[in-house]
Amino acid sequence: CLDKERNSAAGQVSASGSFPCQDKNMSVQPPRRQLSREEQTIRDYCMGEDGRRKAESTVLLHVSHSNLKKTFFQEIRLDLHMRIGTVKQKLEFHCGTSAISNRLFLYDERGQVMSECEDDKMLGYYSPYDGCRLHIVDDDPNSVSSRISCPPMHRS
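A brief look at the structure comes next. (Residues numbered from 1 in each chain as written. Predicted model: local features only at pLDDT ≥ 70, side-chain atom pairs only at ≥ 80, totals over all residues. Heavy atoms only, no water.)

1. What to know about the packing of aromatic side chains
No. 1: All chains considered together, the criterion is met by 1 aromatic pair.
No. 2: Both rings, one in Tyr125 and one in Tyr126, keep their centres 5.1 Å apart while their planes meet at 90 degrees; by these two values the pair is edge-to-face.
No. 3: We note Lys121 situated over the ring of Tyr125; from NZ or CZ to the ring centre the distance is 4.9 Å. (Phe/Tyr/Trp six-rings, centres within 6.5 Å; stacked < 30°, edge-to-face > 60°. Lys NZ or Arg CZ within 6 Å of the ring centre and 35° of its normal.)

See below:
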């Protein structure tokens, strides 16, 4: 099926509704339609000049994890009015560490600790700014993430 790219780019669809020569294991996306001028204007407004428009109460933070040394979630958007407990719950979906069994630290862009965050305070209390980093310390010894990055224990 050498014409797959040409057929999909041309938007040719078979009677079954799939693209010609479409392999069941491959995902073929239909061509995108051209946006109208009004749609493009709305898109440009929403995205901003650099593609990262955000509300004044939103901050873009990096996240690191004590057990996942090489993992950074680039620019997680968080509202400054969120309580730290809620931030931990949101981060639980990203890294799997229970909100109950972790501590959260805020670092500046130079890697200096700004503060340990308390669950009942709002994120804005710590004055984070774009480029700061939230570091999750997983205190659960039975955490799946602790078993992934740590070598197995040898018993004598």
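2. Here's the deal with the environment of Leu123
No. 1: Note on placement: Leu123 falls in the loop between β4 (113-117) and β5 (133-138).
No. 2: Taking the relative accessible area as the measure of exposure, Leu123 reaches 0% and is therefore buried.
No. 3: As for Leu123 and Val59, which are separated by 64 residues in sequence, their C-alpha atoms are 9.6 Å apart.
No. 4: Every residue in contact with Leu123, bar those within four places of it in the chain, is listed here: Val59, Leu61, Leu78, Asp79, Leu80, Met82, Ile84 and Pro128. (Helix = DSSP H or I, 4+ residues; strand = E, 2+ residues; numbered from the N terminus. Buried < 20%, exposed > 50% of the residue type's maximum accessible area, 1.4 Å probe, protein only. Contact = heavy atoms within 4.5 Å.)

3. A few points about the nonpolar core
No. 1: Grouped together as the largest cluster of nonpolar side chains are 18 residues, with contacts concentrated most on Leu61, Leu78, Val87, Leu91, Leu104 and Leu134.
No. 2: Elements with a contribution of two residues or more to this core: β1 (58-65), β2 (73-79), α3 (84-95), β3 (102-107) and β5.
No. 3: For this core, the leading source of residues is α3, giving 4 residues.
No. 4: In this view, Val87 contacts Leu78, Met82, Leu104 and Leu134; residues no more than four positions away in its chain are not counted. (Core = buried A, V, L, I, M, F, W, Y, C linked by side-chain atoms within 4.5 Å.)

4. Looking at the side chain of His65
No. 1: Within the secondary structure, His65 sits in strand β1.
No. 2: Within the structure, the side chain of His65 is placed 2.5 Å from the side chain of Thr97, a separation counted as a polar contact. (Polar contact = N/O pair within 3.5 Å; in protein donor to acceptor, adjacent residues only side chain to side chain.)

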